[in-house]
Amino acid sequence: MRQFDVFVFENEGPQFDQWKPSFEDPALGWFHDSDWNRPLQGLEAEWIIFTHPSVNIDRDFLNNLAQVTDSFPMVDAFAPRLKQAGHFFGGQLVNTTKGFSPISEESPMRFVAAPHPLIGIFSRRIIQRTGIFDLDLPPQLRLLDYALRMAHAGGKMFSVPYLVTTAKGNVENDLCKDTIAKWQIIYKSLPILNLLAYSLWHPTTIFQFFNTNKLKIKQEKATSLSKLTAEYLKEIQA
């Protein structure tokens, strides 16, 4: 079994066919697709890196990742940090008023609710339990939604400050501000008190309460056999 598969997600466009792996290695699998769910059927490695083409995946990063996965065998997912212009952008926490907020640059090792939208790492074991991505959501929010559903499947996501890589473009702008989509994610995976608080701080979402038939089905799939504990939920709060 390979140790890592790298799945590079990207919307089809002028640059799509120009993508190439940053390096070749028979022990490493590369997947590049605009359909987030299609490659899930072919992922065979122990750990899967979901990332964007703007993120630098090189041998140094993979060597560091191998050390991290060996050091924390009970963790199912990791949220790397992205370094850009002397700043670090990492995982996200549940925030009562904002819905979600990024961890601080000085944050120590800790559990987080989700990774940065451009890169997240999940074990194949927890992917098999969690299922497929919700393609109804904007791409910038799919890893967030997936990480919360993973928590219901019994997984935990960890942020290790020294697991770092770089990315091109404005990393900070990739934190999606779609309040309606965030409301839907909160509805599916978080307690009702979180949903009510977010709705009060974002009044335009109130009307979403009248259109939840499809969301209820998704919520039941995510939470019917939930292993998400109150203790872990407290650990991933801002």
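Everything discussed here concerns the structure shown above.
Residues numbered from 1 in each chain as written. Predicted model: local features only at pLDDT ≥ 70, side-chain atom pairs only at ≥ 80, totals over all residues. Heavy atoms only, no water.

### Details of the sheet that holds strand S4 (residues 77–78)
Phase 1 of the analysis: In space, the 7 strands of this open sheet follow the order S2-S1-S3-S10-S4-S11-S9, with mixed pairing throughout. Each edge of the sheet is formed by a strand with only one pairing partner; in this case those strands are strand S2 (28–33) and strand S9 (110–112).
Phase 2 of the analysis: Pairing of S4 with strand S10 (residues 119–123) involves 2 bridges; the strand directions are antiparallel. Paired with Ala77 across the strands is Phe122, a residue of S10.
Phase 3 of the analysis: Packing of helix H1 (residues 59–71) onto the sheet brings it into contact with strand S1 (4–9), S2, strand S3 (47–51), S4 and S10, and relative to S3 it is tilted by some 130°.
Phase 4 of the analysis: Against the sheet, helix H3 (residues 139–152) contacts S1, S3, S4, S10 and strand S11 (157–159), and its axis sits at roughly 30° relative to S10. (Pairing = 2+ DSSP bridges. Helix = DSSP H or I, 4+ residues; strand = E, 2+ residues; numbered from the N terminus. Contact = heavy atoms within 4.5 Å. Axes fitted to C-alpha atoms, helices over the stretch in contact; angles between N-to-C directions.)

### Some remarks on a nonpolar patch on the surface
Phase 1 of the analysis: Together, Ile192, Leu193, Leu196, Ile206, Phe207, Phe209 and Phe210 make up a nonpolar patch on the protein surface, roughly 760 Å² of accessible area in all.
Phase 2 of the analysis: The topology assignment puts Phe207 in the loop between helix H5 (192–201) and helix H6 (213–223). (Patch = residues over 30% accessible without salt bridge, like charges linked within 9 Å, V, L, I, M, F, W, Y side chains within 5 Å. Areas by Shrake-Rupley, 256 points an atom, 1.4 Å probe, with all protein chains shown as cover. Salt bridge = Lys/Arg side-chain N within 4 Å of Asp/Glu carboxyl O.)

### Details of the pattern of salt bridges
Phase 1 of the analysis: Enumeration over the complete set of coordinates arrives at 10 salt bridges.
Phase 2 of the analysis: Here Asp76 ties to Arg125 by a salt bridge, and the two come within 2.5 Å at their closest N and O atoms. In this pair, Asp76 is assigned in the loop between H1 and S4 and Arg125 in helix H2 (residues 124–130), connecting sequence segments 49 residues apart.

### Observations concerning the sheet that holds strand S6 (residues 87–89)
Phase 1 of the analysis: A sheet is described by the order of its strands in space; here 3 strands give the open sequence S6-S5-S12, paired in mixed fashion. Each having just a single partner strand, S6 and strand S12 (164–166) make up the two edges of the open sheet. Each neighbouring strand pair of the sheet contributes to a mean axis angle of 35°, computed without reference to strand direction.
Phase 2 of the analysis: Here strand S5 (residues 81–84) pairs with S12 via 3 bridges, running parallel. By the bridge assignment, Lys83 is partnered in S12 with Thr166.

### A short note on the packing of helix H4 (residues 179–189) against H5
Phase 1 of the analysis: Interaxial distance between H4 and H5 falls to 9 Å at its minimum, and their mutual angle equals 165°. By the angle class used here, H4 and H5 are roughly antiparallel. Like other packed secondary-structure pairs, H4 and H5 cross with a definite hand, here left-handed. Here Thr179, Lys182, Trp183, Ile186 and Tyr187 of H4 come into contact with H5, specifically with Asn194, Leu195, Tyr198 and Ser199.
Phase 2 of the analysis: Taken together, the residues of the contact of H4 with H5 sort by class into 5 nonpolar, 3 polar and 1 charged. (Parallel < 35°, antiparallel > 145°, perpendicular 65-115°, else oblique. Left-handed = near helix turned anticlockwise from the far one by under 90°. Nonpolar A, V, L, I, M, F, W, Y, C, P; charged D, E, K, R; others polar.)

### Notes on the pairing of strand S7 (residues 92–95)
Phase 1 of the analysis: Pairing geometry for S7 and strand S8 (residues 99–102), over 4 bridges, is antiparallel. Residue pairing across strands places Leu93 opposite Ser101, the latter belonging to S8.
Phase 2 of the analysis: Between S7 and S8, which follow one another and run antiparallel, lie 3 residues.

### Some points on H4
Phase 1 of the analysis: Most of H4 sits out of view: 8 of its 11 residues are buried.
Phase 2 of the analysis: Inspection of H4 places Ala181, Lys182, Trp183, Ile185, Ile186, Tyr187, Lys188 and Ser189 among the buried residues, and these make up the whole buried set.
Phase 3 of the analysis: Each element contacted by the buried residues of H4 is listed here: S8, H3, H5 and H6.
Phase 4 of the analysis: Of the residues flanking the start of H4, the one acting as N-cap is Asp178, its side-chain oxygen 3.2 Å from the backbone nitrogen of Ile180. (Buried < 20%, exposed > 50% of the residue type's maximum accessible area, 1.4 Å probe, protein only. Polar contact = N/O pair within 3.5 Å; in protein donor to acceptor, adjacent residues only side chain to side chain.)

### Here's the deal with the packing of aromatic side chains
Phase 1 of the analysis: All told, the structure shown has 15 aromatic pairs when counted by the stated rule.
Phase 2 of the analysis: Their ring planes at 25° and their centres at 5.5 Å tell us that Trp183 and Tyr187 sit as a pair that is stacked. Of this pair, Trp183 and Tyr187 both sit in helix H4, 4 residues apart, which is roughly one turn of the helix.
Phase 3 of the analysis: Among the residues examined, Trp183 registers a relative accessible area of 0% and is labelled buried.
Phase 4 of the analysis: Joined through ring pairs, the aromatic side chains of Phe7, Phe9, Trp36, Phe50, Phe122, Phe133 and Tyr146 make up one cluster.
Phase 5 of the analysis: Arg81 extends its terminal NZ or CZ atom over the ring of Phe88, reaching a point 4.2 Å from the ring centre. (Phe/Tyr/Trp six-rings, centres within 6.5 Å; stacked < 30°, edge-to-face > 60°. Lys NZ or Arg CZ within 6 Å of the ring centre and 35° of its normal.)

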